[in-house]
Amino acid sequence: MTLYPKLITDALATVMYAGTKKNLVESGMVGEDIRIDGMRVSFSLIFPRETDPFLKSTVKAAEAAIHYYVDKSVEVEILVETKSKPRPPLEKLLPEVGDVIAVSSGKGGVGKSTVSANLAIALARLGYTVGLLDADIFGPSVPKMFHVEDARPYAESIDGRDLIIPVEQYGVKLLSIGFFVSPETATLWRGSMASNALKQLIADAHWGPLDYLILDTPPGTSDIHLTLLQTLSITGAVIVSTPQQVALADARKGIDMYQNDKVNVPILGLVENMAWFTPAELPGNKYYIFGKGGCEQLAKEMGLPLLAQIPVVQSICESGDTGAPAALESDSAVGRAFLNLAQSVVTMVRRRNRDLPPTNIVKTHR
C-alpha cells in the first residue's frame, strides 16, 4: 500500500475535537508537517494550550483513526504543539478579580458546597459581581446545585489566548470540573492531574471583572488546597462546620491550615451549618439535633467571628437537588440567613483589607 497525505487528513477528519465540537481538520489542528516514509507517518497536532483536558484522548483517537481508515500496520508518530500565549505570572493571574474567598471545612458532609453556592447567590443579590469556582475536583456539586448539569463551557480567543468562558446562572459566573467529566464516572486522577485541572480552571478562564471569587474547596486538607494557595492570593477563608464535636475537631484543622505561618490566610469567620432543625409545620420551633452552639463556642475560643447560624430545613435539601438554592428566596428564613451571611462576609472582608496587607501566594519549594 502506498501512503499519501490526503489519506492521513481524510482519516483525521473523522476525529472530533471536544473543545470545538468540530473535527481535527476543521479545527485547524493538523500541522503542515505530514511526513511519510514507507509505512511510517509523522505529523503535528496543534492544541490551544499545554494543559488541554482533551489532549491525550484526542491523540489516541487520531492514531486509532489512521489505523482504522488507512492501515492497521502504519507506524504513527504524533507531535503535540500548542499555540496559546503563555499564562501571565501568578501575581497578575486575575487582575480584574477583587477579593478571593475560600469556603472550607475540615470534614465532608457539613454543607460546605451549600454554603458556597448560597453565599455566592446572596452576594450577587446584594449587587456584587461574583464568580464561583468549584474546586472540589473529585466531588463537584456546583453544576447540579445551579441546575446547569448540561452546560458545556466553550473557549474564546481573548488577547491571543484561548480562554474558557464561565457558565452564568442566577447572576453568578460558574466553573467546575463537573462541566467536563461524566457525572456517572468516577474521576480517577492522581494528585498532579487534579491540580493541573484546577490550575486550568483558574488561569485559563475569562472571569472578567469580579468583586468576589468564591472558592468551594474540597473537605479536609489536600493537594488541592496547596494548589489554590500556590496559585491565588486568597483574601480570607470562611470555615463551615456543624455543631457536632467530631466536625468541630476537623474544623480546627482547617483553621490551623490557613493560619500556618507559611500560609497566613486570614480567617474571616465561622459558619455553623445545621445549627438546629425547624420543621415546616412549626416554623417557630428549634430542635438542636446535632448539639447546641458548638461552633459558637469554638469561635469564641479561637477569637474568631461567628458569621452565621444556618438552620436545617427541608427546603435547603430540596433546593439544592432541584438547582434553585435557598438564597434565591429572600423572604424565607433560610434565604434571610444567607443574605445576613453575605453581609457579614462583606463587612469582614472590608475590615480585613483595612487592617491587614494582601495575602502572599505560597511559594513552591523544590
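Above this text sits the structure in question.
Below is a short write-up of the structure.

**Brief notes about the sheet that holds strand E4 (residues 40-47)**
Alright, step 1. Spatially, three strands are ordered E3-E4-E5 in an open sheet, and the strand pairing comes out mixed. The open sheet has two edge strands, strand E3 (35-37) and strand E5 (75-82), and neither has a second partner. Averaged over neighbouring strand pairs, the angle between their axes works out to 20° when direction is ignored.
Alright, step 2. Pairing of E3 with E4, which is carried by three bridges, proceeds in the antiparallel orientation. Its bridge partner being in E4, Asp37 is matched across the sheet by Arg40.
Alright, step 3. Of the strands in this sheet, E4 and E5 touch helix H2 (residues 55-69), which is tilted by about 150° from E5.

**Observations regarding the nonpolar core**
Alright, step 1. Counting 45 residues, the largest nonpolar core has Phe146, Val172, Ile214 and Leu341 as the members making the most contacts within it.
Alright, step 2. No other element matches the 10 residues that helix H10 (residues 333-355) contributes to this core.
Alright, step 3. Not counting chain neighbours up to four residues away, the residues in contact with Leu341 comprise Val115, Leu119, Val271, Leu307 and Ala308.
Alright, step 4. Ranked by size, the runner-up nonpolar core spans 44 residues in total, among them Leu94, Ala197, Leu229 and Ile234.

**What about the side chain of Ser104?**
Alright, step 1. Among the secondary structure elements, Ser104 is positioned in strand E6 (residues 97-104).
Alright, step 2. On the basis of relative accessibility, which here comes to 2%, the residue Ser104 falls in the buried class.
Alright, step 3. Among the polar contacts made by the side chain of Ser104, one reaches the side chain of Tyr258 at a distance of 2.5 Å.
Alright, step 4. The residues contacting Ser104, other than those within four sequence positions of it, are Lys112, Thr217, Val238, Ile239, Val240 and Tyr258.

**Focus on the packing of aromatic side chains**
Alright, step 1. Across all of its chains, the model carries six aromatic pairs by this definition.
Alright, step 2. On the numbers, 4.9 Å between centres and 80° between planes, the contact of Tyr68 with Tyr69 is edge-to-face.
Alright, step 3. The class for Tyr68 is exposed, based on a relative accessible area of 66%.

**Some details on the sheet that holds strand E12 (residues 210-216)**
Alright, step 1. Strand order in the open sheet formed by eight strands is E10-E11-E7-E12-E6-E13-E14-E15, with mixed pairing between adjacent strands. The open sheet has two edge strands, strand E10 (167-169) and strand E15 (306-312), and neither has a second partner. On average, each strand axis in the sheet is tilted by 25° relative to the strand beside it, whichever way the strands run.
Alright, step 2. In the sheet, strand E14 (residues 267-277) pairs with E15 via five bridges, with the strands oriented parallel. Its bridge partner lying in E15, Leu270 is registered against Leu306.
Alright, step 3. Packing against the sheet, helix H3 (residues 112-125) makes contact with E6, strand E7 (130-134), strand E11 (172-176), E12, strand E13 (236-241) and E14, and its axis sits at approximately 170° to E12.

**Describing the pairing of E12**
Alright, step 1. The element E12 is largely enclosed, with a buried count of six among its seven residues.
Alright, step 2. Judged from the six bridges that link them, E6 and E12 form a sheet pairing that is parallel. Residue Ile101 lies in a different strand from E12, and its bridge partner there is Ile214.
Alright, step 3. Two strands pair when backbone bridges link them, and E7 and E12 are joined in this way by five bridges, in the parallel orientation. Each residue of the ladder has a partner; that of Leu132, found in E12, is Ile214.

Cut-offs used in this document
Residues numbered from 1 in each chain as written. Predicted model: local features only at pLDDT ≥ 70, side-chain atom pairs only at ≥ 80, totals over all residues. Heavy atoms only, no water. Pairing = 2+ DSSP bridges. Helix = DSSP H or I, 4+ residues; strand = E, 2+ residues; numbered from the N terminus. Axes fitted to C-alpha atoms, helices over the stretch in contact; angles between N-to-C directions. Contact = heavy atoms within 4.5 Å. Core = buried A, V, L, I, M, F, W, Y, C linked by side-chain atoms within 4.5 Å. Buried < 20%, exposed > 50% of the residue type's maximum accessible area, 1.4 Å probe, protein only. Polar contact = N/O pair within 3.5 Å; in protein donor to acceptor, adjacent residues only side chain to side chain. Phe/Tyr/Trp six-rings, centres within 6.5 Å; stacked < 30°, edge-to-face > 60°.

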